[in-house]
Amino acid sequence: MEQTAPCSIETNVFTNQQSVDESSSSYLNLSKKFIVVWLLKDFPIANVNLDSIESEIENSADFLQKYNNSPVQCETYVSSASENQKIFLILPKKHAQNVLQNIHDLHVLHSIYIFQDFSEEQLNDYSKIVNIYTDLHRLINDLCSEVYNCIYYAQLPMTIFKKQYEQDRSFDGLNKFAYFIDFWSPLFIDLLLDLPSEDYEQEKRRFIEQCRIYYRANETVLNDIDEFENTYEAESAIQWFKRDSFVYRLLNKIMRQQNIQGILTIRFYIVDLQKQLNQIHQEYIEYGIYIDNSQVTVYRGLILDNSDFIHMKTNLTLNTILSINTLFSTTLTLEVALMYAGAMDAKEKTPIINQNKTSVIFQIDIQYNHKLSVKQKPFADIGYLLDKGESKFKDECEVLCMVGSFLRVDGIYENYEIKIENGLKTVVTLVTLTLINENDSTIPTMKDYQILKSTKTIEGKIIRIGNLLIDRSLAMHSSRSKADSFYQIFSHEYMATCLTGQAWIALKRNQFDLAIKLAFEALLKGNHSNDEWKITTLNCLGGVYYKQKLYFEALKYYQQAYDISKLTDEKIAKNTYHGPCIAIDKFAMYDNYRNISSINIARIYQERGENQCAWNMYKESVDCEMRDTTDFHCHTCMTIAESGTHVINPTAEEHNRIWKNWKQFLDLGLDDIIKYRTSIITGYLSFNYQYDFLSRRYDNESCRFIAIDYFQKVEKQCSSYVSNYQYYLYTLQCYERLAILYRYSNNQSLDYYEKIIRLCCKYHLEDLQNLTIGYQGMLKCYQQQRTDRSEPISELLCTDSNEIETKSVEISDTFFQYLKPLHFALEFYDKQFDTRVKTENDLRKKMVYCQLKLAALYYDQKKIEEAKFALSESISLCQQIGFEKLNISQICNENLFFIEKKFHLIIQSYLNRLYNYVGYCNDENIYCYIAHLYKKTNDLESTLTYLREPLENFEQYNYICSHTLYCYTKLAEFYQIEHKDMNSTVKTYERAVTLYKIHRSNQMKTMISIVQEHLIDHFKQTDDFKILIQIYQTLCTIMSDDTTDIFILYTQMKRIWKLLIRKYDAYESIIHSYDAFLNLILQILNPLTSQMTMVIDHYRPNFIQVCIRTKHLHIAIQIYQKLIELLFKYSTDMMKIADVYQIIAGEFLQKKLFYECIEVYEHLFIFLCHHPTTGHYIENDKIDFMFHIWKHRIISEYLIEEKYDLGINLYYKMIHILIDYRQNIHSTSDQDEFVSKIFKIYDEISSIYQLKKNFDQAIFVYQEQIAFMIKYQLENIQTQINTIITKCQQFAIDNPNETIEIYSQLIHFIENNRLDYLSHLSTAYNELADLESMNIITDMNSSESSDLNQQVSDYKQKARNYMSRNQFDKAKNVYRQELLPFLLENYARDDEQIGECHLRIASFIYANNRNQALKSYQEVIDIYEEKRDVFYTDYAFELNVNVCRRYAGTLFLCYNCLSTIYMIENKQNSARTTKQKAMNIYEKYQNQFQFAADPLTDRILIERLPFLELNY
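1. Structural notes on the overall build of the protein
Stage number 1. Helix and strand counts for the protein come out as 63 helices and 18 strands.
Stage number 2. Per-residue burial for the protein yields a buried fraction of 55% across its 1512 residues.
Stage number 3. By sequence separation, contacts in the protein at least 24 residues apart represent 71% of the contacts at least 6 residues apart.
Stage number 4. For the protein, the exposed area adds up to about 69200 Å²; of that, 48% sits on carbon and sulfur atoms.

2. As for helix α12 (residues 267-286)
Stage number 1. The first and last C-alpha atoms of α12 sit 29 Å apart over 20 residues, in line with the 28 Å expected at 1.5 Å per residue.
Stage number 2. Across the 20 residues that make up α12, a large majority, 14, are buried.
Stage number 3. G288 sits one or two residues past α12 and shows a positive phi near 80 degrees.

3. Focus on the packing of aromatic side chains
Here a ring pair, both rings aromatic, is described through the centre-centre distance and the interplanar angle of the planes.
Stage number 1. Across all of its chains, the model carries 86 aromatic pairs by this definition.
Stage number 2. A ring pair is formed by F486 and F490, whose centres lie 5.0 Å apart and whose planes are at 55 degrees; its orientation type is tilted. In this pair, F486 and F490 both sit in helix α17 (residues 482-490), four residues apart, roughly one turn of the helix. For the pair shown, F486 and F490 are each scored as buried.

4. Some points on the confidence of the model for the protein
Stage number 1. Per-residue confidence for the protein gives a mean pLDDT of 83; residues scoring 70 or more make up 88%.
Stage number 2. Below a pLDDT of 50 lies the segment residues 17-30, which in the model reaches 44 contacts outside its immediate sequence neighbourhood of four places, other chains included.
Stage number 3. When the criterion is pLDDT under 50, residues 791-813 qualifies, and its contacts beyond four places in sequence or with other chains add up to 14 contacts.

5. Observations concerning the sheet that holds strand β1 (residues 33-39)
Stage number 1. Ordered in space as β2-β1-β3-β4-β5, the five strands form an open sheet in which the pairing is parallel. Of all strands in the sheet, those with a lone pairing partner are β2 (63-67) and β5 (129-133), marking the two edges. The average undirected angle you get between the axes of adjacent strands in this sheet is 15 degrees.
Stage number 2. Sheet strands touched by helix α2 (residues 50-60): β1, β2 and β3 (85-92). Its angle to β1, the strand with the most contacts, is close to 155 degrees.
Stage number 3. Sheet contacts for helix α3 (residues 71-79): β1, β2 and β3; angle to β1, the most-contacted strand, approximately 165 degrees.

6. Brief notes about unusual backbone geometry
Stage number 1. With an omega dihedral of 0 degrees, the bond running from N1086 to P1087 counts as a cis peptide bond.
Stage number 2. Within the secondary structure, P1087 is located in the loop between α46 (1067-1085) and α47 (1090-1109).
Stage number 3. Positive phi values are uncommon outside glycine, yet N958 reaches one of about 50 degrees.
Stage number 4. Relative to the helices and strands, N958 is located in the loop between α40 (940-957) and α41 (964-977).
Stage number 5. In the Ramachandran plot, K980 falls in the positive-phi region, its phi being about 55 degrees despite a non-glycine side chain.
Stage number 6. Within the secondary structure, K980 is located in the loop between α41 and α42 (982-998).

7. Section: the nonpolar core
Stage number 1. With 285 residues, the main nonpolar core has F1077, Y1099, F1148 and W1190 as its most contacted residues.
Stage number 2. Among the elements that take part in this core, helix α59 (residues 1368-1405) stands out by supplying 16 residues, more than any other.
Stage number 3. Beyond its immediate chain neighbours, meaning those up to four positions away, F1077 contacts M1007, I1010, I1046, L1049, Y1050, M1053 and W1057.
Stage number 4. L192, F207, F309 and L452 belong to the second largest nonpolar core, which has 155 residues in total.

8. Here's the deal with a nonpolar patch on the surface
Stage number 1. Taken together, F1491, I1500 and I1502 make up a surface patch of nonpolar side chains, about 310 Å² in accessible area.
Stage number 2. Among the secondary structure elements, I1500 is positioned in strand β18 (residues 1500-1504).
Stage number 3. Given the relative accessible area of 59%, I1500 is considered exposed.

9. What about the pattern of salt bridges?
Stage number 1. With the rule as written, the count across this model stands at 62 salt bridges.
Stage number 2. A salt bridge links K1213 to E1162; the shortest N-O distance between them is 3.0 Å. With a gap of 51 residues between them, K1213 in helix α52 (residues 1204-1224) and E1162 in helix α50 (residues 1154-1170) connect regions that are remote in the sequence.
Stage number 3. Judged by relative accessible area, which is 28%, K1213 ranks as partly exposed.
Stage number 4. Here D1391 makes a salt bridge to R1314, at a shortest N to O gap of 2.7 Å. Of this pair, D1391 sits in helix α59 while R1314 sits in the loop between α56 (1299-1312) and α57 (1317-1332); the two residues are 77 residues apart in sequence, bridging distant segments of the chain.
Stage number 5. The class for D1391 is buried, based on a relative accessible area of 1%.
Stage number 6. It is possible to trace a salt-bridge network through shared partners that takes in D190, K377, E438 and K453.

10. What about the side chain of Q851?
Stage number 1. Within the secondary structure, Q851 is located in helix α35 (residues 843-860).
Stage number 2. On the basis of relative accessible area, Q851 is assigned to the buried category, the value being 5%.

11. A word on a negative patch on the surface
Stage number 1. A contiguous patch of negative charge, built from E198, D199, E201 and E493, is present on the exposed surface.
Stage number 2. Examined against the element boundaries, E198 turns out to sit in the loop between α6 (184-194) and α7 (200-214).

12. Things to note about the packing of α41 against α42
Stage number 1. Contact geometry of α41 with α42 gives a least axis separation of 7 Å together with a crossing angle of 165 degrees. Looking at the two axes, α41 sits roughly antiparallel to α42. For the pair α41 and α42, the crossing hand works out as left-handed. Residue-level inspection shows T964, L965, Y968, T969, L971, A972, E973, Y975 and Q976 of α41 in contact with α42, the latter providing M982, S984, T985, T988, Y989, R991, A992, L995 and Y996.
Stage number 2. The residue makeup of the contact of α41 with α42, split by class, is ten nonpolar, six polar and two charged.

The rules behind these values
- Residues numbered from 1 in each chain as written.
- Predicted model: local features only at pLDDT ≥ 70, side-chain atom pairs only at ≥ 80, totals over all residues.
- Heavy atoms only, no water.
- Helix = DSSP H or I, 4+ residues; strand = E, 2+ residues; numbered from the N terminus.
- Buried < 20%, exposed > 50% of the residue type's maximum accessible area, 1.4 Å probe, protein only.
- Contact = heavy atoms within 4.5 Å.
- Areas by Shrake-Rupley, 256 points an atom, 1.4 Å probe, with all protein chains shown as cover.
- Expected span 1.5 Å × (residues − 1).
- Phe/Tyr/Trp six-rings, centres within 6.5 Å; stacked < 30°, edge-to-face > 60°.
- pLDDT = per-residue confidence, 0-100.
- Pairing = 2+ DSSP bridges.
- Axes fitted to C-alpha atoms, helices over the stretch in contact; angles between N-to-C directions.
- Core = buried A, V, L, I, M, F, W, Y, C linked by side-chain atoms within 4.5 Å.
- Patch = residues over 30% accessible without salt bridge, like charges linked within 9 Å, V, L, I, M, F, W, Y side chains within 5 Å.
- Salt bridge = Lys/Arg side-chain N within 4 Å of Asp/Glu carboxyl O.
- Lys, Arg positive; Asp, Glu negative; His and termini not counted.
- Charge placed at Lys NZ, Arg CZ, Asp CG, Glu CD.
- Parallel < 35°, antiparallel > 145°, perpendicular 65-115°, else oblique.
- Left-handed = near helix turned anticlockwise from the far one by under 90°.
- Nonpolar A, V, L, I, M, F, W, Y, C, P; charged D, E, K, R; others polar.

Next up, the structure:
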């Protein structure tokens, strides 16, 4: 923080008047400002320390206003005070009468304090006079006490978040957002908590210094300040708050005043409070006191003037969100709150009644939710933290909420009675609230708040708050703004940020030169690594030039801002792109996208007529900046499209250019209609919407045709998505606009109004508003047609009146004869449009039809006057028609009786109609309407009688008609709603099902039986009437249309199953119903495809039974659903069928049912084997995926759990599957890939055995690997053996304790897998001897096909080729230089590897077991010595020098080691003998050795020469 500077009294931060003056215009803050007005003219202040008295007043009140000479100015000030101010007036007795007669009755004047010098005259006519004082100190004491009491009991500074909407039907609330300017205060609190604290002690010293200046005249407080300075620690913040000390009073005062500089000065203390509250809150959670999802209720009492209460009640409507602008203290004890509210006497515990005041109790529910963090705005019970300044009421249990906490209003109850002691009651106004978590994004206001908080840096937060403050001032048309002082306060620490903020203020005030100056100064002084700040500054410059239409300069700065955070290939490659610095969100929309570079760039392009550039920029913004949400695609599209259209009184040329620009921009969207569909549709709606408002920009014939064209495009795009509610609204808007645009072509207009009605009836029958629009439109069209078709007067004069009447009678016989009275009866009418109306020629009758429908719709919407008017119009038209047989007038009159609640007249009328009906279908719904009318008269007995009667007819005569289900349903609803008789409700539905079952197809009968036996019976047993009724209601709807189509039946059945999604206890019965329905499907679809036959065999007895056995019933249900879907849609689709296997396996895997998951995949493999596809692509992909899951999800889990054998078994299963697949299914598959997969699996198996320290089995796996190679006659067997040996050696290094066992097993492995080099060597020797003697070789034994045989055969074939050309020397060289060296090298290497194993064993056991080491060395010697005459011959040494070096080097080493051991064992003879043998080897083969120096000992060592690289 900034360094402390010496402060004068005038610069004291706590006496800053700016907050009081400015907030007088704040219309959302309920906090009062307490002002003392002191008229000093003729005031006896001789020998009075005025500075001390003024200081005392300032310490209590918000503001002291003094008038030294002018009583008139004093009166004017009080008279002009705003409603949220309370005035405490000090007057000298001399001027009291004159001043009070003008202002006494003002609501803002709270109380009056008169001072006099020993005068006896009294002022008894003024009730607000507290007293007439002769002691000034007593006056000041009483005044300050009253101010304090007003604050203590009544003040709760809060901000109310009112949502202001610009609602437009065409955008369905896209422009709905909270009035964001109200959020500045809680955002400022968040900023306080986020600001870095550079010097805690310095902040504390500055606060203490300011307090001493502020309380300079109050010795008691100064002593408290000294104590605070000496004893305060961060852990004691709450204790100091609980004390009735200067800290508590000062904090509440500056919070009420919203004194920014004062709040910053005490910031260190606010942060301490927040941290301590959070610590206590977390401790309560850890100790189990704050139990998750539990709730506590706390209270706060207030005393309000009646006028203040009315103001509060007006603002605190249901679901209003509040933010408390101070530390918010509440109590767990209702009695304490009643005392604070002035509703109960603290001592006597009796109720208090105050006619001029209202006692208000805030009842606040607090939910403990551990998932939602409260670190920023914590609350905690601090009742246990006592200090010498205890609570005013000792039994108070105090819960303290952090400043900035949010509350939701749940209800307001006036004259609410609360019981207190002794059976007495007190009356209060109860306001119920809920403390809400600011992180709860399910609450729209909190979601808006999260958006506002989403700035990434402190600089961004400062500028956002400043923007809200200036917007607040502009909204109130105030020339002053708290934003100016806000930036001034922060300018020392955040100079560049505040310059940027001030530049935005200048821009919004249209002070363009100042804005440019400030923005450039900010760029000069700022930190350019802060992208958010830099973008904001550059956008400000762009906005200045944009407003001045200097587009080139504006684009320059907007482009610079955009380039900073745009998505680039480099950022993608480096993974450094984390989205835009400044998001396109609701705040950006609220701010008209002023700080969004891309939108402003597109706007400029659009205004300049560069539509393609504008569209490209819009797409880039959608793809990059709005890629995570589609919420703002529409609004941004419309914002760009409308750029440049808000021209006042455009010229004809401008008019045409605007339309051309708009049209071209939207036309570009047609090319990208798939990706940007929603944006284009809403853009078109925006475009054409203009036509309907004559007061807006466009209304002419050419524009009308353009609008029609675009709306038809919208209609086409929406039609496929109309089941989606958003697109349903789009389509309705489209129909309405087209109907209006076609108003000069009535038939087309009628068609679109009819489409509105049909769409509403199909998807949203409850959409009365749009149904009304449809019928209103049709009525207007008929009225217009009637006007247009009025016959000329000459024709009327020549027409016989009898002819007219005859013509009317003739038409009447064809109209309304099929329409029943109930089609129009209020609360019983049919909303559908009857197409037979279109065939009627008499427009008056069509108008009557529409008026009757509208009357019913109006009545449903409680528009009673409109309904009456429509009925009267209908009667008037009927009188013109003059044909009474239709009884239309009677229907109108009955509806008027209904409105007038004369139900008995309507009942009698319908009873008369009822008795005239005979036959099976005799309009039984009339019974229901009569019952409905009886119900309106509360005659429930008659209601029940008439509801029962039609059902008895249905069942007696065993018939159904169009009214049957309706009648049964109405009776069931009556039992359910009126009688609460669930048994009778269910029985009524049962009767309906029983009747309909007789008259339905066998397929539907079976479906009904399935529902009854498996679902209804289950819920009957559990007495779950609620779900029983829902099932019956759905079943009745299904039965209304008979069908034999099994797919339709399944679709209907799904409606019933959908009701049971969360009925977990019924899952077994649901599964039985699925199984029964599956049987029905199989019966109808028989015969099945071969694929589905196998699928059924796999799914039912295996997968489904697994789910039932393991109690994963929801998965069983999913399997049935997938199975039925396959039967209907994909019975031969191999890919889809295989995918379903995978889905089931995935479900088992998720539940860790590994064995079952494996089993599903095995069945999938069997299925693929029996139904191979062309190219085997599906099989290959599925097997690869299966192996991936097995290895990385199942085997890896086995290994973690140390279930090694299960992992090994699964790997072997993979090998068997691969071999089986290649042998039986895809024999032509790539062998290299096949072998590679098998080898990798063997390696994995071996690694698991090594993990188990089971080297025997690991070697056995390697043995299997070699056997596999031999079986499939693979090449490079020796290479693989060498690789295995290397792995084993490495394993021995990694596991020294297993060395002996590993090398012992490795010796056996090498011996068992040696290739037959010796036999080939013997043959090759003989064949070379024959060549030497010039014998022609005819058979070189080249027919074998093993890897070794093939290599030998290749050498011999090479020699044979030379011989065929009589190049015998070359043929001999093949043997001498290639074949024989090759055989010798490999056999000798095998010996060397075996010898190496023995040597490793010897070296490992040398220290502890020399005898065993001697044996190991001897084993190596025996390998070589025993083969001296057979293999290690001088001729062999001549052919391959490496063989000689292996022989000589190994023996030399072993004899030397033996000699060393014998010497240690003191076996001198043996030592000399073995040493001599070593020297003999050296002397004989010394040309195979070399001398080397040991770098550690400087000894000269003898070692064998390196092996030569042989070119065989």
